[in-house]
Number of protein chains: 2
Amino acid sequence: MKELDFINIIKEQIGTEFIGDDCAYLKDLGIVITQDSLVEDIHFKKEWYTPYELGYKSVAVNISDVIASGAEPKYITVALSLPNDINNYFIKDFYIGAKDALYGAQIVGGDITGSSDKIFISIAAIGTDKGRKISSRASAKSGYSIIVNKNSVNDFGKSSLGLDQLLRGIKKSDVIEIHKKPILDYDFAKMIASKIESEYAMMDTSDGLADALFKIAESSQVSIVIDDINGCFGAEDYKIVAAVPKEFLKSLSNYYVLGEVVEKNDFIIKIGEKEFRSYKDLNLYDHFGGKYER
Amino acid sequence: MKELDFINIIKEQIGTEFIGDDCAYLKDLGIVITQDSLVEDIHFKKEWYTPYELGYKSVAVNISDVIASGAEPKYITVALSLPNDINNYFIKDFYIGAKDALYGAQIVGGDITGSSDKIFISIAAIGTDKGRKISSRASAKSGYSIIVNKNSVNDFGKSSLGLDQLLRGIKKSDVIEIHKKPILDYDFAKMIASKIESEYAMMDTSDGLADALFKIAESSQVSIVIDDINGCFGAEDYKIVAAVPKEFLKSLSNYYVLGEVVEKNDFIIKIGEKEFRSYKDLNLYDHFGGKYER
């Protein structure tokens, strides 16, 4: 897998201190930072999205990383590279969509340039650690509970179904709406990050629930066992999953316990009766498989 | 000019509090942030650059904005969207180049994705205001001196000449080297920002010296008069120009006085005997005109 090769080369070049979580935690500045791009014909087809939806989604996927880190979203910068046929309406509608996905953050700058034929969007987002405990995917410990937002538990996999429908030429449906306009677990992540005192792991399920748990288990050198719920393998959910101490649950509300962290086992994650022992294992089992780019 | 239309629409949507300078100054966090993209066939031709040079330049142009704000460069994130034919060597060499342009900053993350055919690079850079006074292009005042680095005064316009040669098919020369590998006025900007107490204006000359002075004069509601030196109109110099109180000069070394800020006049800037009254005026006079994209 080329992307993994590339990431390993980058790690060799710049070290691993900040590489691992979706956000880099810059403790001296009290902030986290993340940057994610959306590229036409790689992450989206232009005909699928209104400019509003594109603005919304580009910002939401970055804000999602910030809230999953436990930080409070504060500022974003937006870089757009746009082909010649883009008009004023596109820019206005894109920014109206972008503003609707800010979850309290503010757009403070960026860049606008030409592009020979495709739309490129790259967004950097900053959050603060003020009053928050920042998560790390390496901080899950044996005995911790795996939790998700009770209101989101039936939503896993829906975004992926929506993408599947788009790829099959369907234009409008509830799951397509979910795919194009992800609603983040902002309150849920905030409740955890502002109440917890222990080290904990939290991620968004941007590559699917199973994928997030796999990464947490691997980084934390533990194994994870969860119930077999629907939609574990669908990407682009942008929901929150966390591994927190069992005794911390009494400080929380509105959570759903999906499973627990156990000592490192032969498997890395176990979903129902099915064990996953390698990342390859996980991908082979990806029964949606329809993600436009993995 | 389409880009200006777009920027006006963006200003309408997100307000102007942070728009104006190349970096946004986030006072509550004590940082500045900037984000700039380099797009294949818009900002560069692939055959002109080694991966090393591309890594170097993408980082340097962002660090340049940070040092021109007066801040100390601290962290950057790098987002790359790359076509399928990019290999491991490209990534490694790109990052070696990127590291050589950090001026003390650290690469802390980013994103790597596919792209259908063009290379797209977007970098966000953060600097701190610790021990520094942050500049604003709106802070030039009548009576201020316009200064540049004494060592850089003969370099204005060289980058633009280099680009001109590249466009004419020349492969190697001193000015091409300057175009591809800009050397920043790091020490000069740092000296100013760490010693000055008054409000002041400072910019990099990424769109040319005349362009920077025009923007300072316009934002500050003043006019600027400078000597007619060579290279005022060449873009991509990435040198520092500042407007500082005359009495501050005695705290400085290694500066060259190019001219001064005067009360708002009929002209916005005056270079030698030539007056420029509008941005259009400035562009008409652009005798290099060879910039790949303006």
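Residues numbered from 1 in each chain as written. Chains lettered and ligands numbered in written order. Predicted model: local features only at pLDDT ≥ 70, side-chain atom pairs only at ≥ 80, totals over all residues. Heavy atoms only, no water.

Peer 1: Can you lay out the sheet that holds strand β11 (residues 269-271) of chain B for me, pointing to particular residues and giving the numbers?
Peer 2: Residue and element names in this part refer to chain B. Strand order in the open sheet formed by 7 strands is β7-β9-β6-β10-β8-β11-β12, and the pairing between neighbours is mixed. Across the chains shown, the open sheet's two edge strands, defined by having one partner strand only, are β7 (201-204) and β12 (274-276). Sheet twist, expressed as the average angle between the axes of neighbouring strands with direction ignored, equals 20°. Of the pairings in the sheet, the one linking β11 to β12 comprises 3 bridges and is antiparallel in character. Residue pairing across strands places Ile 269 opposite Phe 276, the latter belonging to β12. (Pairing = 2+ DSSP bridges. Helix = DSSP H or I, 4+ residues; strand = E, 2+ residues; numbered from the N terminus. Axes fitted to C-alpha atoms, helices over the stretch in contact; angles between N-to-C directions.)

Peer 1: Quick rundown of the pattern of salt bridges? Include the residues and the values.
Peer 2: The tally for this structure, following the rule as stated, stands at 34 salt bridges over all chains. Residues Glu 260 of chain B and Lys 246 of chain B are paired through a salt bridge, measuring 3.1 Å at the closest nitrogen-oxygen approach. A residue pair is termed long-range when its members are at least 10 positions apart, and Glu 260 of chain B in strand β10 (residues 255-262) and Lys 246 of chain B in the loop between β9 (240-244) and β10 qualify at 14 residues. Residue classification places Lys 246 of chain B among the partly exposed residues on the basis of a relative accessible area of 42%. One network of salt bridges, in which partners are shared, links Asp 21, Asp 22 and Arg 137 of chain A. (Salt bridge = Lys/Arg side-chain N within 4 Å of Asp/Glu carboxyl O. Buried < 20%, exposed > 50% of the residue type's maximum accessible area, 1.4 Å probe, protein only.)

Peer 1: Outline the interface of chain B and chain A, listing residues and values.
Peer 2: Taken residue by residue, the interface counts 61 residues in chain B and 61 residues in chain A. With both sides pooled, the region where chain B packs onto chain A buries about 5100 Å², and carbon together with sulfur makes up 63% of that total. In terms of surface lost to chain A, no three residues of chain B exceed Phe 6, Gln 13 and Gln 35 of chain B, which account for 13% of the buried area on that side. Linking chain B to chain A there are 2 salt bridges. The salt bridge involving Asp 28 of chain B is made with Lys 74 of chain A; its shortest N-O contact spans 3.5 Å. Where chain B meets chain A, there are 14 residue pairs in polar contact (both at pLDDT 80 or more). Of all elements in the fold, only α1 (2-14), β1 (24-26), β2 (31-39), β3 (72-82), α3 (88-99), β4 (106-114) and β5 (120-128) of chain B reach the threshold of two or more residues within the side of chain B that touches chain A. (Contact = heavy atoms within 4.5 Å. Buried area = accessible area lost by both parts, 1.4 Å probe. Polar contact = N/O pair within 3.5 Å; in protein donor to acceptor, adjacent residues only side chain to side chain.)

Peer 1: So, the sheet that holds strand β7 (residues 201-204) of chain A: which residues are in play, and what are the values?
Peer 2: All names here are of chain A. Spatial ordering of the open sheet is given by β7-β9-β6-β10-β8-β11-β12, a layout of 7 strands whose pairing is mixed. In this open sheet, the two strands that pair with only one neighbour each are β7 and β12 (274-276). Recorded for the sheet is a direction-independent mean angle of 20° between the axes of neighbouring strands. Pairing analysis gives 4 bridges linking strand β6 (residues 145-149) to strand β9 (residues 240-244), with the strands arranged antiparallel. Pairing of Val 148 across the sheet is with Val 241, part of β9.

Peer 1: Please give an account of the relation of the copies chain B and chain A that cites residues and values.
Peer 2: Copies of the same chain, two in number, are related to each other by a rotation about an axis and a translation along it. Of the two same-sequence chains, chain B is brought onto chain A (RMSD 0.0 Å, axial shift 0.0 Å) by a rotation of 180°. Taken together, these values place the two copies in the relation of a two-fold axis. By residue overlap, the copies meet face to face through one surface: 100% of the interface positions of chain B are interface positions in chain A. (Least-squares fit on C-alpha atoms with pLDDT ≥ 70 in both.)

Peer 1: An account of helix α2 (residues 51-69) of chain A is needed here, citing residue identities and associated values.
Peer 2: Residue and element names in this part refer to chain A. Taking 1.5 Å of rise per residue, the 19 residues of α2 would be expected to cover 27 Å, and the 28 Å separating its terminal C-alpha atoms lies within 8% of that figure. When you tally the buried positions in α2, you get 19 out of 19 residues, the bulk of the element. One or two steps after α2, the chain reaches Gly 70, where phi turns positive at roughly 100°. (Expected span 1.5 Å × (residues − 1).)

Peer 1: Break down the side chain of Ser 37 of chain A for me, with residues and values.
Peer 2: Here Ser 37 of chain A shows up in strand β2 (residues 31-39). Excluding residues that lie within four positions of it along the chain, Ser 37 of chain A makes contacts with His 43, Ile 121 and Ser 122 of chain A together with Ala 79, Ser 81, Asp 111, Thr 113 and Phe 120 of chain B.

Peer 1: For the environment of Ser 278 of chain A, give the residues involved together with the corresponding values.
Peer 2: Residue and element names in this part refer to chain A. Looking at the secondary structure, you find Ser 278 in the loop between β12 and α8 (279-284). Classification of Ser 278 by relative accessible area gives partly exposed; the value is 29%. Along the primary structure Ser 278 and Ile 268 are separated by 10 residues, whereas in three dimensions their C-alpha atoms are 7.1 Å apart. Reaching out from Ser 278, the side chain makes a polar contact with the backbone nitrogen of Asp 281 at a distance of 3.1 Å.

Peer 1: Can you break down the packing of aromatic side chains residue by residue, with the values?
Peer 2: Taken as a whole and assessed by the stated rule, the structure comprises 15 aromatic pairs over all chains. Relative to Tyr 49 of chain B, the ring of Phe 44 of chain B has its centre 6.0 Å away and its plane inclined at 75°; by these criteria the two rings are edge-to-face. Plain terms: the ring middles of Phe 233 of chain B and Phe 276 of chain B are 5.6 Å apart, the flat faces sit at 50° to each other, and that makes the pair tilted. One end of the pair, Phe 233 of chain B, is in the loop between β8 (223-226) and β9; the other, Phe 276 of chain B, is in strand β12, and 43 residues separate them in sequence. The exposure classification of Phe 233 of chain B matches that of Phe 276 of chain B, with both residues buried. Taken together through their ring pairs, the aromatic side chains of Phe 90, Phe 94 and Tyr 95 of chain A make up a single cluster. Lys 181 of chain A extends its terminal NZ or CZ atom over the ring of Tyr 56 of chain A, reaching a point 5.1 Å from the ring centre. In this structure, Lys 274 of chain B packs its charged tip against the face of Phe 276 of chain B, placed 5.7 Å from the ring centre. (Phe/Tyr/Trp six-rings, centres within 6.5 Å; stacked < 30°, edge-to-face > 60°. Lys NZ or Arg CZ within 6 Å of the ring centre and 35° of its normal.)

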